[in-house]
Every structure is written in C-alpha cells, then in structure tokens.
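Here's the letter readout for the chains.
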Amino acid sequence: MREYLLTLCITAAVTYLLTGPVRKFAIVAGAMPEIRARDVHREPTPRLGGIAMFFGLCAGLLVADHLTNLHEVFEKSNEPRALLSGAALIWLIGVLDDKFEIDALIKLGGQMIAAGVMVVQGLTILWIPLPGVGTVALTQWQGTLLTVALVVITINAVNFVDGLDGLAAGMVCIAAAAFFMYAYRIWYSYGIEAAAPASLFAAILMGMCLGFLPHNMHPARIFMGDSGSMLIGLVLAAGAISVTGQVDPDVMKLFSGSERNAVHQMVPVYIPLLMPLTIIAIPAADLILAIVRRTWRGQSPFAADRGHLHHRLLEIGHSHSRAVLIMYFFSALIAFGALAYSVNAASMWIVLSVVFLSAIGLVLLLLPRFTPRTPRWAESFVPPRYRRRRAAAVTGDAGEATAVADEDEERVPVTVGVSGVNGATAVGSRTRTR
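Scanning the chain for helices and strands turns up 17 helices and four strands. Residues counted as buried form 47% of the 434 residues belonging to the chain. Summarising the internal contacts of the chain: among those between residues at least 6 apart in sequence, 70% fall at separations of at least 24. On the chain, roughly 21,500 Å² of surface is accessible, and the fraction owed to carbon and sulfur atoms is 65%.

Have a look at this one:
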C-alpha cells in the first residue's frame, strides 16, 4: 500500500507543478477558444491541461517501475506499456483538437486506433464472467471488438461530462478510488497477481485528477480539454479491462467454495465491462441521453448542446459549485455502493443505506435555493460564500446595496389611457422601474 501511495503522490505532485507552466504555454499557443453558446464560463480560459496530466501519468509509471513490489507488474505483464502507448496516441489527438478543433469522426477514429494499439500489446478482454453461467471464453475478434467498444464508450462518457469546472476530474477520481479499493482487495485478499496492473492504473489515475483539481476548481484557471478528458477516460477503461478480462474467476472459486460464488463476487467487475455503470454511472447515463436527444432532433450524436445533466442542474437554479457537488455525491453513491455490495452482497444494510442516501440526494436536487452555512469554527477552511456574516456587516452591506440600487433605478413615464363613463378618455401617467 505504501508504494501505491508514493506513486499516487508523485503523480499528483508532477501534475500539479506542471499545470501552471502548461497554462502559460496554452495562452502563448493560442489554445483559448472563444466563448461558445453551450459554455457556462464567461471568460476565455486556456485548455491543454491534459499535457500536465499526461506527464503525471509518465512520472507515475516511471516511479512504479523502480519500486520493489510494483516493479513486478512491469516484469510479468505488458499492460503498463500498452497503456502508455494508447495514452500517448489519444493524448496527441486531444492536443490537436484543443488547438485546431479537429472533426468528431477523426477523433472517434483515433480513439479506436488507440484502443487497438492496447489490444495488440496484450491489454484486452479474454473472457467474461457471467452469473449462473460461469466463465465464457472469447475469441480474438470478440475480445478485440468488446475492448474497443468499452474504451470508446468510456472515453466519450468522460468527455461528455466535462462541462463544469472540476466536474470530470472529480468524478473520475471518485470512480478511480472505488475501483482501486476493489482491485487491491482482489490482489491481496485472493492473492491474484493479475489484478495488480488495474490497482496501479487506478492509483495513477487518482494522482492525475487530484493534481489537476486545484487548478480546475471553480473558477477554473485552466481546462483539461479533450487532451485531458480523453486521457483519463482511456486510463479508467484500461483498469476496467485489465481486472475484468484478465482475472480468472476459476482462481477465485478456490477461495469462494464454488465457481458460482466466485462469479457473483465478480459482479462489480463484469458490470463495468458490459456498460460502465458502476464506476462512471453518471457520465454513461449522460452519454446515452445525449445520443438519444440529439438523434431525436435529427442532429449528429457528436453535435454539442446544453442539454447535459450538469446544464440542467444549472437551469433549475443550482449554483455552479452546488451542481458539481451533487454530481460528486451521486457518483460516489453508485461507485462505493457497488464496492460495498461486492464485499458483502448478502447484507440488507447496504441496500437500505444506498436507498436512504439516494433519498437525501433527491432532496438536494429539489432545494436549489438552499444555501448551506458552515459552523463558525470551520469558516477558515471553506470559501467565503459559505461563511456566516456578522449581523452588522450584513446590515451595512444591505444598506449600501439599497442605496446603489436606488441610484441606478430609472423611472420611465408610461402613458395610460382610461375610458371614462361619458366616453371621454382621461390620460394619466405612472412610473415603471426597470
């Protein structure tokens, strides 16, 4: 665990320290597109944050290769090199898109090529654990098509949800944390070394997101762009593919008593394989709704709009920060709920807890005008908008605001015609404030 934490911290530190220089480079390079109709930010903000995240990924892999225990992952598996090859290709495509706005079909082709590069180097799905059936071995073509599909779906799901400051990085970090805990449990609880690469990928992914988040929280100083969103989507998909298609349930049944019990313990893994609903449930739902919405309107599925889930949260009255926190809440609820279910599927308390927390989340969705206040002892740790103001300060601010509002009011005379009883028209006037 210490080596994982060291890898995570090194990745986060490199990403954090490089993001500032990358921001200056993006400004000089002109990677600051104009405000578009679907954007929620008000000032042009540089992109290319994925450059810092990619070098953080490289630093994490380099450090892990020189650690005693994690070095075995590089000796016994080619998956880290496969990940780095696919990540480099998808990152390069993202950098070009952040600068030159390349066509959506070209990006889709690049995503498929990056997934194919990883498949060629061994990062592919070999079998699928199905409940009640057992392990289903896949042919080479079936494994390749399923792997490419999972990579493309995950990349675009993360890319679609990247619409608010800190949203994509935070949600992927939550998913990576839950996935790391599951993969780490498979490795050390069952002694299955095939889960080691997935644990390493999840730890590095957490470091990439944590290092970038301080620069990307609202108001963001830099965006990750497609170079970052497609990169973290590919790393997340690589972890799911590694632990799903490489870990054999026949090995787990030695610890579970039967193959059926082993397959049921693999539930949080084969669900991400079929549709990444447990680790990126919200982005996947947003992706499906976007495709259906745009196709229904006769538009291309890749045509951008303002109908995403985070846009709808803003429309119903939530602030930018609160919309992001709500998305964090539901992502954590689904990801860690699946993790808890994998540990003890027979516990009814887990189901009841998930239902209770879901009800709390629905209440938060219905209270967009509710402004949370922090206790006075914790005010120094939160942004100013969540602090309690002194009564005198509030009164003074209100008085000043009223005075300014009175000065800015413009009273416009409006002529109103009123018909009298004798047929004559009386002309009056009133004032209207605008």
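The subject of this paragraph is the packing of aromatic side chains. By the definition in use, this model includes seven aromatic pairs. Pairing Phe329 with Phe330 gives two aromatic rings, centres 5.4 Å apart and planes at 80°, and the pair type is edge-to-face. For Phe330, a relative accessible area of 17% corresponds to the buried category. An aromatic cluster of three or more residues is present, and its members are Tyr4, Phe180 and Tyr184.

Moving on, we come to the confidence of the model for the chain. Overall, the predicted model of the chain reaches an average pLDDT of 75, with 66% of residues at or above 70. The low-confidence segment residues 271–276 (pLDDT under 50) makes 19 contacts with residues lying over four places distant or belonging to another chain. Confidence drops under pLDDT 50 across residues 390–434; counting only partners more than four residues distant or on other chains, this segment forms 31 contacts.

Counting through the fold element by element, Glu193 comes out in the loop between helix 7 (167–190) and helix 8 (196–216). Glu193 sits in the partly exposed class, given a relative accessible area of 45%. With 117 residues separating them in the primary sequence, Glu193 and Lys76 have C-alpha atoms 9.2 Å apart. Apart from the residues within four sequence positions on either side, Glu193 is in contact with Lys76 and Trp187.

A separate point is the state of the cysteines. Applying the stated criterion to the full structure yields zero disulfides. Looking at Cys173, it has no disulfide partner, and the nearest cysteine sulfur is the one in Cys209, 5.4 Å off. Residue class for Cys173 comes out buried when judged on its relative accessible area of 10%. On the accessibility criterion, Cys209 (0% relative accessible area) is buried.

How each quantity is defined
Residues numbered from 1 in each chain as written. Predicted model: local features only at pLDDT ≥ 70, side-chain atom pairs only at ≥ 80, totals over all residues. Heavy atoms only, no water. Helix = DSSP H or I, 4+ residues; strand = E, 2+ residues; numbered from the N terminus. Buried < 20%, exposed > 50% of the residue type's maximum accessible area, 1.4 Å probe, protein only. Contact = heavy atoms within 4.5 Å. Areas by Shrake-Rupley, 256 points an atom, 1.4 Å probe, with all protein chains shown as cover. Phe/Tyr/Trp six-rings, centres within 6.5 Å; stacked < 30°, edge-to-face > 60°. pLDDT = per-residue confidence, 0-100. Disulfide = S-S within 2.5 Å.

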